[in-house]
Amino acid sequence: MDANALMMPVELDVRVFDELDRLLGDVRLVTPEAVVDELEKLSAGAGHEAVAASVGTDLARERCRLLSHDESYADDAIVELATAGECDYVVTNDGPLKRRLLAACVPVIGIRGRNKLAITRP
């Protein structure tokens, strides 16, 4: 899961974990440590984005296994881990990251419509 996926419950009113259960059933969720670092930095700000990032940080720590990696940039860490087989899907709503993942033959789960998630396969 990337940062914006973990912020979806607040920013887009998406029940992301319920949607993942609907799509995939019982799954083990993971996120790179760089994503948590990014969320913590965003949560230090003010406003709606900071609240969403704070909630996202809590969700990552409570619901995901944090993965170590060599990358300092969250998107690079996600691509590295996904192409190394650490996950079967990546949950993101980030257009450039989605394109990178699909080009690397990694299926992406993202928002469809107002509040539903769907799988896009390469």
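Here, every reference points to the structure presented above.
Residues numbered from 1 in each chain as written. Predicted model: local features only at pLDDT ≥ 70, side-chain atom pairs only at ≥ 80, totals over all residues. Heavy atoms only, no water.

Enquirer: Can you help me understand the packing of helix α1 (residues 3-11) against helix α3 (residues 33-43) in this one?
Expert: Taken N-terminus to C-terminus, the directions of α1 and α3 make an angle of 50°; their axes are 9 Å apart at the nearest point. Here α1 is positioned oblique relative to α3, judged by the angle of their axes. Listed contacts from α3 to A3, L6 and M7 of α1 are V35, E38, L39 and L42. (Axes fitted to C-alpha atoms, helices over the stretch in contact; angles between N-to-C directions. Helix = DSSP H or I, 4+ residues; strand = E, 2+ residues; numbered from the N terminus. Parallel < 35°, antiparallel > 145°, perpendicular 65-115°, else oblique. Contact = heavy atoms within 4.5 Å.)

Enquirer: I'm lost on the layout of surface pockets in this one. Help?
Expert: Considered as a void within the structure, the largest pocket measures approximately 320 Å³ in volume. What lines the largest pocket is a set of 19 residues, and nearest its centre among them are R28, V30, C87, D88 and Y89. At the level of secondary structure, the elements contributing two or more residues to the lining of the largest pocket comprise α2 (16-24), β1 (30-32), α5 (74-83) and β3 (90-91). Per-element tally for the lining of the largest pocket: the top contributor is β1, with three residues. (1 Å grid on protein atoms, 1.4 Å probe; cavity = no way out; pocket = protein on both sides within 12 Å on 5 of 7 lines; lining within 4 Å. Points joined across faces, edges and corners; volume = space filled by probe spheres on them.)

Enquirer: How should the state of the cysteines be read in this particular structure?
Expert: Each disulfide consists of a covalent bond between the sulfur atoms of two cysteine residues. Counted according to the given criterion, the structure contains zero disulfides. Free of any disulfide, C105 has its nearest neighbouring cysteine sulfur in C87, separated by 14 Å. (Disulfide = S-S within 2.5 Å.)

Enquirer: Just to check I follow, could you spell out the pattern of salt bridges for this structure?
Expert: Taken as a whole and assessed by the stated rule, the structure comprises five salt bridges. Close ionic contact of R15 with D18 constitutes a salt bridge, the shortest N to O distance being 2.6 Å. The salt bridge involving K116 is made with E19; its shortest N-O contact spans 3.7 Å. Linking K116 in strand β5 (residues 116-120) with E19 in helix α2, this pair joins segments that are 97 residues apart in sequence. (Salt bridge = Lys/Arg side-chain N within 4 Å of Asp/Glu carboxyl O.)

Enquirer: Explain the side chain of D2 to me, please; I cannot follow it from the model alone.
Expert: You can see D2 is positioned in the segment before α1. One buried charged side chain, D2, makes no salt bridge at all; its nearest oppositely charged neighbour is R100, positioned 10 Å away. A distance of 2.5 Å separates the side chain of D2 from the side chain of T92, its partner in a polar contact. When sequence neighbours within four positions are dropped, the list of residues in contact with D2 reads V35, I78, V91, T92, N93, D94 and L97. (Buried < 20%, exposed > 50% of the residue type's maximum accessible area, 1.4 Å probe, protein only. Lys, Arg positive; Asp, Glu negative; His and termini not counted. Polar contact = N/O pair within 3.5 Å; in protein donor to acceptor, adjacent residues only side chain to side chain.)

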